[in-house]
Amino acid sequence: MKTNGHKPSPAAHLPKCPTGIQGLDEITDGGLPRGRPTLVCGGAGCGKTLLAAEFLVRGAVQFDEPGVFMAFEETEKELTANVASLGFDLAGLVRRKKISLDYVHIEPGEMQESGEYDLEGLFVRLNHAIDSIGAKRVVLDTLEALFAGLRNEAILRSELRRLFRWLKDKGVTAVITAERGREQLTRHGLEEYVSDCVILLDHRVNDQIATRHLRVVKYRGALHGTNEFPFLIGDEGISVLPITSLGLNHKISSERISTGIPRLDAMLGGRGFFRGSSILLTGTPGTGKTIVAANFAQAAALRGERTLFFSFEESPNQIIRNTLSIGLRLEPLVKRGLLRFHAARPSLYGLEMHLATMFKEIATFQPRVVIIDPITSLMDAGTASECRAMVTRLVDYLKAGQVTTLFTSLTQAGHALQQSEASMSSLMDSWLLLQDTEGNGERNRVLYVLKARGMAHSNQIREFLISDRGIDLVDAYIGASGVLTGSARAAQGALEKAAVLATQQEAARRKRELERKREAIERQISGLRSDHESETMELRRIDEQVGTSTLMLTTERTASGILRQADAKVTTNTRRDPRQGRKIS
Amino acid sequence: MKTNKARRANKAVAKSRTARRKSKYVLRLFVAGATARSRQAVLRVRQLCEVELKGGCNLKVIDIYQQPKLARENQIVATPTLIIEFPPPLRRLIGSLANISGLLVELDLIKKGKITL
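A brief report on the enclosed structure follows. It should be emphasised that the depicted structure is a prediction, and the values quoted were computed from it without experimental measurement.

Topic: the overall build of chain A
Part 1 of the reasoning: For chain A, the helix and strand inventory stands at 16 helices and 25 strands.
Part 2 of the reasoning: Counting over 585 residues, chain A shows a buried share of 41%.
Part 3 of the reasoning: Long-range pairs, those at least 24 residues apart, make up 71% of the contacts in chain A with a sequence separation of at least 6.

Printed below as a string of structure tokens:
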């Protein structure tokens, strides 16, 4: 009833009676037709009685509508014990006059028919029970027992017709259960009388996995989901799982939370995942999925956020021990109640049961971070389409509660790395891929971000190192020779270092050589300069010598000329001579 | 509630004990109102008691409209229902008792040669 707020005016529609059964009210868009009988049919062990009992109990507890349970097959005691296992306190409700139980015992062996009769006894009992507690709901489980006890079918049929008419007149919402027939919905054709709403339950085995299904075959005058929906009987009653019931209108947070690995945060735009997003972590065996998951769990718990770790492969203690070896201390967090493990073998029960258990755990623990390690194990517990439906529902459920979820997924050998199980990758907001690279006789782990909706993320491959100090991401060597990791990366690193060193040494050597050369040239230059200087000195000295000697000669000549009274011509010639001589030399 | 029930049960036991001492047959007829069918059944049983059993029976006619609780306690589904409480085992006959032979068989009268059909 709460969920159909979007519906138009309720007056235009059939009044409905909410069952309170998880999911059923969504499928039927509000519940069963109020004041009319509904037929619930199915084979043995489908949960007919339980559905009817839950309808009654929830009516009494949640909607304050008392109910009458008329049982033809189980005694009051048996019924009380049977539904007590699902957490319904039938005896208490009977004491508080919320529910009236009436066991109709029909023993064909002690009954003889003689002449005409009617079922007024049944009517009187029912009427008395309804009036004594003011019942609004009635369950008749299973009316067909009458067919075994009473032989006059003509009377029986007309009386049943009268019964359903009477129930309608009485204004009670009735649930009538019936055994499934071979060619019709019920063995004795009860659908002939109850035509307002028919729900078919079915329990079938696919690939050795039994799943219960519910289908609303008929709902007169109302919209309803016509598909088969898986349902399960958990320890809190029935829950039907309509895939579409949650829808895509959950709140969105732009808060970011750390992955617990600083380098990985850096790869995710520097701040990690969005809160409330779903993260897929895929990888081949032994790539460290659980370790990344445990790291994320520790980081979340250390921030004080409650973290729930579903483990389908390892026991909690094994995870704690194994992660201790890489420096993660999960045990104190478990003791402080910040981290809780829930471990179960996938083959323990069917998929829908797993889902219900997970929902229950999540509802009671109220975590902010959920880790499912690995989701692929669960895939073995159901068919592909069921799994997709389950993951969808789980993702929707967790997103609606703004719970950040990390799914690890094992990529089977021989499958493409980018292929995820049941194509669930499209449901995920972020996808990290862990991968082994093989080469040089060793395997190395690399990690990269395949997708991260709504954030700038690194396109780089990082080498993923696990040491006793934890996880570290190292730049892988990416060059002409491809991606190098591990010792090859180390070797390449050394090689590069050596090359750089050699270049540096070479440069230094050449520099020294040039320096030496320059010094030699300088020396040569200074030698030449000193040579030149001495030559200049020499020249000057010679010049001076020549000058003095010429002067002396001229003076001598003049003196002698004076003495001999020679002409001036001679004197000029002798003055010019020394210059010419210099030019020649 | 419980104590009431127990008390009633005790009373019933005591009653049947006294009845047993007095007579051979303990019969109870449950009818729903005064319909033709009910009347027919009552008539038939009374006739049987007087004619065949010579008054040696303890017959009680109960209208479940008046006492709906008794309908539940006695597991009445169809009406009219005749319950033969004694001699054991407990037997039920439903219907207007139009065919009385079934009733007589139930009362072991034919077997003992007391009457012939």
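Structural notes on the interface of chain B and chain A
Part 1 of the reasoning: On the chain A side, the residues contacting the 30 residues of chain B number 21 residues.
Part 2 of the reasoning: Elements that contribute at least two residues to the side of chain B that touches chain A include exactly helix 3 (68–73), strand 4 (91–94) and helix 4 (101–106) of chain B.
Part 3 of the reasoning: A class-by-class count of the residues in the side of chain B that touches chain A yields 17 nonpolar, seven polar and six charged.
Part 4 of the reasoning: Relative to strand 4 of chain B, strand 6 (residues 111–113) of chain A runs parallel, the two being bridged by three bridges. Residue pairing across strands places E113 of chain A opposite I94 of chain B, the latter belonging to strand 4 of chain B.

A few points about helix 14 (residues 384–400) of chain A
Part 1 of the reasoning: The terminal C-alpha atoms of helix 14 of chain A, which comprises 17 residues, lie 24 Å apart, in line with the 24 Å expected from a rise of 1.5 Å per residue.
Part 2 of the reasoning: Along helix 14 of chain A, the residues classified as buried are E386, C387, A389, M390, V391, R393, L394, D396, Y397, L398 and K399 of chain A.

Observations concerning the sheet that holds strand 16 (residues 307–311) of chain A
Residues and elements named next belong to chain A.
Part 1 of the reasoning: With mixed pairing, nine strands are arranged side by side in an open sheet as 17-16-18-19-15-20-21-22-23. The open sheet has two edge strands, strand 17 (339–343) and strand 23 (470–475), and neither has a second partner. Each strand axis lies, on average, 25° off the axis of its neighbour in the sheet, ignoring direction.
Part 2 of the reasoning: Contacting strand 15 (278–283), strand 16, strand 17, strand 18 (369–373), strand 19 (404–410), strand 20 (430–439), strand 22 (462–467) and strand 23, helix 9 (residues 289–302) runs over the sheet at an angle of about 165° to strand 18.

Observations regarding the sheet that holds strand 2 (residues 57–63) of chain B
Part 1 of the reasoning: Spatial strand order, 6(A)-4(B)-3(B)-1(B)-2(B): five strands in an open sheet with mixed pairing. The sheet is open, and its two borders are formed by strand 6 of chain A together with strand 2 of chain B, each paired with just one other strand. Sheet twist, expressed as the mean angle between neighbouring strand axes with direction ignored, is 20°.
Part 2 of the reasoning: Running over the sheet, helix 2 (residues 36–52) of chain B touches strand 1 (25–31), strand 2 and strand 3 (81–86) of chain B and is turned about 170° from strand 1 of chain B.

What about the pairing of strand 12 (residues 237–240) of chain A?
Residues and elements named next belong to chain A.
Part 1 of the reasoning: Sheet topology note: the strand 11 (residues 228–234)/strand 12 ladder contains four bridges and is antiparallel. In the sheet register, L232 faces strand 12, and the bridge partner there is S239.
Part 2 of the reasoning: Between strand 11 and the antiparallel strand that follows it, strand 12, lie two residues.

What about the environment of E65 of chain A?
Residue and element names in this part refer to chain A.
Part 1 of the reasoning: Note on placement: E65 falls in the loop between helix 2 (48–62) and strand 4 (67–71).
Part 2 of the reasoning: Each C-alpha atom, one on E65 and one on C17, is 9.9 Å from the other, the two residues being 48 residues apart in sequence.
Part 3 of the reasoning: Setting aside residues no more than four positions away along its own chain, E65 makes contact with G59, A60, K136 and R137.

Regarding the packing of helix 12 (residues 351–365) of chain A against helix 14 of chain A
Residue and element names in this part refer to chain A.
Part 1 of the reasoning: One can describe the packing of helix 12 onto helix 14 by two numbers: an axis separation of 10 Å at closest approach and a directional angle of 10°. Viewed along their axes, helix 12 and helix 14 adopt a mutual orientation that is roughly parallel. Contact with helix 12, carried on its side by L351, L355, M358 and F359, involves E386, C387, M390, R393, L394 and Y397 of helix 14 and no other residues of that element.
Part 2 of the reasoning: Among the residues forming the contact of helix 12 with helix 14, the class breakdown is eight nonpolar, no polar and two charged.

Some thoughts on the nonpolar core
Residues and elements named next belong to chain A.
Part 1 of the reasoning: In terms of nonpolar packing, the biggest core is built from 159 residues, with A297 and I371 touching the most fellow members.
Part 2 of the reasoning: Among the elements that take part in this core, helix 9 stands out by supplying nine residues, more than any other.
Part 3 of the reasoning: Contacts of I371, omitting those with residues within four sequence positions, involve A293, F296, A297, F309, F310 and L406.

Comments concerning the environment of T290 of chain A
Residues and elements named next belong to chain A.
Part 1 of the reasoning: Position of T290 among the secondary structure elements: in helix 9.
Part 2 of the reasoning: C-alpha separation for the pair T290 and S311, spaced 21 residues apart in sequence, amounts to 9.4 Å.
Part 3 of the reasoning: In this view, T290 contacts I319, D373 and T408; residues no more than four positions away in its chain are not counted.

Analysis parameters
- In this numbering scheme, every chain counts its residues from 1 along its sequence in written order.
- By the order in which they are written, chains take letters starting at A while ligands take numbers starting at 1.
- Reporting in this predicted model follows two pLDDT cut-offs: at least 70 for local features of residues, and 80 or more for side-chain atom pairs to be given and counted; totals over whole chains, interfaces and linings ignore these cut-offs and use all residues.
- Secondary structure elements are defined from DSSP: runs of H or I of at least 4 residues count as helices, runs of E of at least 2 residues count as strands, and each element is numbered from the N terminus.
- Working definition of burial: number of other C-beta atoms within 10 Å of the residue's own, with buried at 20 or more, exposed at 12 or fewer, and partly exposed in between, all C-beta atoms being placed from the backbone.
- C-beta atoms are first placed from the backbone for all residues, and any pair lying within 7 Å is then listed as a contact.
- Under the scheme applied here, ten amino acids are nonpolar (Ala, Val, Leu, Ile, Met, Phe, Trp, Tyr, Cys and Pro), four are charged (Asp, Glu, Lys and Arg), and all others, including Gly, are polar.
- By definition, two strands form a pair when at least two bridges between them are found by DSSP.
- A helix is expected to reach a length of 1.5 Å times the quantity of its residues less one.
- Throughout, an axis means a line fitted to C-alpha atoms (over the contacting stretch in the case of helices), and angles, computed between N-to-C directions, take values from 0 to 180 degrees.
- For classification purposes, angles smaller than 35 degrees are called roughly parallel, those larger than 145 roughly antiparallel, those between 65 and 115 roughly perpendicular, and all remaining angles oblique.
- Take the buried Ala, Val, Leu, Ile, Met, Phe, Trp, Tyr and Cys residues, join any whose C-beta atoms are within 7 Å, and the set you get is a nonpolar core.

These values are about where atoms sit, not about what they do.
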